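Descriptive structure summary
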Amino acid sequence: MAGNNSGAADAGSVIRSAVPQVMATWLLSACAVAVAATLLSLPPLQHPDTASYLAHSPERAPLYPLIIDVFQAVFAQSAFLWLARFQAACLLAAGIWFALRVGRLLGLGASWRLGMFLILCAPGLKFSSAILAEPLSYALLIAFWALLAGEALCGRSGSSPWLAFLCAVALLLRPQAIFLPVTYGLYLLGRLPFQPRRSVIAALALLLFALAGGLGLRGADNAWRNGSYSTASSGGVHLLASVLYISDEADQEALADPRARELFTRSLAKAEALGFTRRHWDMGRSHFDVSMERLVFDVVRPVLSDLLPATGTVATQAEQADGLALKTAKTLIWHKPLDFAALLARKVYDGQPFYYALLVLAGCSALAFR
């Protein structure tokens, strides 16, 4: 009788311990379905940057403008709607693959895999439907880390060619993804002592070949559309816009170049008149986001257009404008580095680097609680 009671008690204990886990799995499953359904139903959001993709600007990598062209050719007036859904579907697929692949390799249960999926995909509620390259770039980032995690955890002697391919595609979407091939290259170099040298060299050669091919395609596309093989950047324009947010009139004394000083004084006067600097902060979070966007498109770009002559190709004009903006911004940053460091901390929190950090959080959580 005592044995029977003991067996019943053990069975009851098992059931009681399993109930919370089952409930957690069901709850997380419901949340995952809700997130997926919401992402797939979000309306497309156009931003000022969208126009540069539509125009195949020399500042943009060619892949996302080509994707837009394809959707416009196929879906006409509803192109942006279906593009937003495609971006959401890519993000969901990448999140599912990461959760399943990494979860299986780490031996995680269903609830932890669902939690990982939510950590990676829920931030897409903010930006997945934006008609910008960022949503697809984020999905590629998740896929890259899922593939690299598999390589590292499996400990195979070879390396998947898909990693090199993803690096090239990521750069054709956004040049800011340069950290992916750098990370992968460092990973391969770190494996040299632990696997045959020939396989590592072959993987590095494939990576360099993929990157060279990607850069060549971007240059060829720019030469065909804008008359210049060299590509322009908008990094200087965006950097100057950021610096303007924290600047004041006294900062012009740091600029010895007359053109840089004129660009700064005219831009700052316009920014102040429109209320886009830190002194006009209304204590609302949206002021920072709106100001960063408007400083680029309503302040810096128009002032540069007025200052610089409209000669040469479109790409040449863009290079000259961004070069002057970059020179001005770098001088101002050296003038007040602490203020700029504080601004960077804010931008990291508000921008996509914060979401990229969620990948690390997902991985650490999996390792800590498996």
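Right, let's walk through the structure included here.

So, how was this worked out
Residues numbered from 1 in each chain as written. Predicted model: local features only at pLDDT ≥ 70, side-chain atom pairs only at ≥ 80, totals over all residues. Heavy atoms only, no water. Helix = DSSP H or I, 4+ residues; strand = E, 2+ residues; numbered from the N terminus. Buried < 20%, exposed > 50% of the residue type's maximum accessible area, 1.4 Å probe, protein only. Contact = heavy atoms within 4.5 Å. Areas by Shrake-Rupley, 256 points an atom, 1.4 Å probe, with all protein chains shown as cover. Polar contact = N/O pair within 3.5 Å; in protein donor to acceptor, adjacent residues only side chain to side chain. Salt bridge = Lys/Arg side-chain N within 4 Å of Asp/Glu carboxyl O. Phe/Tyr/Trp six-rings, centres within 6.5 Å; stacked < 30°, edge-to-face > 60°. Lys NZ or Arg CZ within 6 Å of the ring centre and 35° of its normal. 1 Å grid on protein atoms, 1.4 Å probe; cavity = no way out; pocket = protein on both sides within 12 Å on 5 of 7 lines; lining within 4 Å. Points joined across faces, edges and corners; volume = space filled by probe spheres on them.

Observations concerning the overall build of the protein chain
Each helix and strand counted, the protein chain has 16 helices and zero strands in total. The 370 residues of the protein chain split such that 44% are buried. Intrachain contacts of the protein chain at a sequence separation of at least 6 include 73% that bridge at least 24 residues. About 18,600 Å² of surface is accessible on the protein chain, with carbon and sulfur atoms providing 68% of the total.

A closer look at the side chain of R191
Tracing the backbone through its elements, the reader meets R191 in the loop between α9 (179-190) and α10 (197-226). A polar atom in the side chain of R191 sits 2.8 Å from the side chain of Y187.

As for the pattern of salt bridges
Overall, the coordinates contain 10 salt bridges when judged by the stated rule. With its nearest N and O atoms 3.4 Å apart, the salt bridge here joins E134 to R174. Placement of E134 in helix α7 (residues 134-154) and of R174 in the loop between α8 (161-173) and α9 is noted, with a sequence separation of 40 residues between them. A residue is classified by how much of its surface remains accessible, and E134, at 16% relative accessible area, is buried. For R279, the salt bridge is made with E272, and the minimal N-O distance between the two is 2.0 Å. A single salt-bridge network, built from bridges that share partners, covers D251, K336 and D339.

With respect to the environment of G219
One can find G219 in helix α10. For the pair formed by G219 and A61, sequence separation is 158 residues and the distance between their alpha carbons is 9.1 Å.

Describing the packing of aromatic side chains
For the structure shown, the criterion picks out eight aromatic pairs. Aromatic pair F127 and Y138: ring centres 5.4 Å apart, planes at 75°, arrangement edge-to-face. One end of the pair, F127, is in helix α6 (residues 124-127); the other, Y138, is in helix α7, and 11 residues separate them in sequence. One exposure class covers both F127 and Y138, and it is buried. Chaining the aromatic ring pairs together yields one cluster made of F71, F75, W82 and F86. Over the aromatic face of W82 sits the side chain of R85, whose NZ or CZ is 4.9 Å from the ring centroid.

Describing the layout of surface pockets
Rolling a probe over the atoms, with the probe sized like a water molecule, indicates the empty space that remains. A volume near 460 Å³ is recorded for the second largest pocket. E59, R301, S305, A318 and A321 are, among the 22 residues lining the second largest pocket, the residues nearest its centre. Sorting the residues of the lining of the second largest pocket by element identifies α2 (50-54), α13 (285-307) and α14 (314-335) as the ones contributing at least two each. Looking at the lining of the second largest pocket, the element that brings in the most residues is α14, giving six residues.

A closer look at unusual backbone geometry
Glycine aside, a negative phi is what most residues show, and trans is what most peptide bonds show. Even without being a glycine, H56 presents a positive backbone phi close to 50°. Within the secondary structure, H56 is located in the loop between α2 and α3 (63-75). Unusually for a residue other than glycine, A76 sits at a positive phi of about 55°. With respect to the helices and strands, the residue A76 is situated in the loop between α3 and α4 (79-106).

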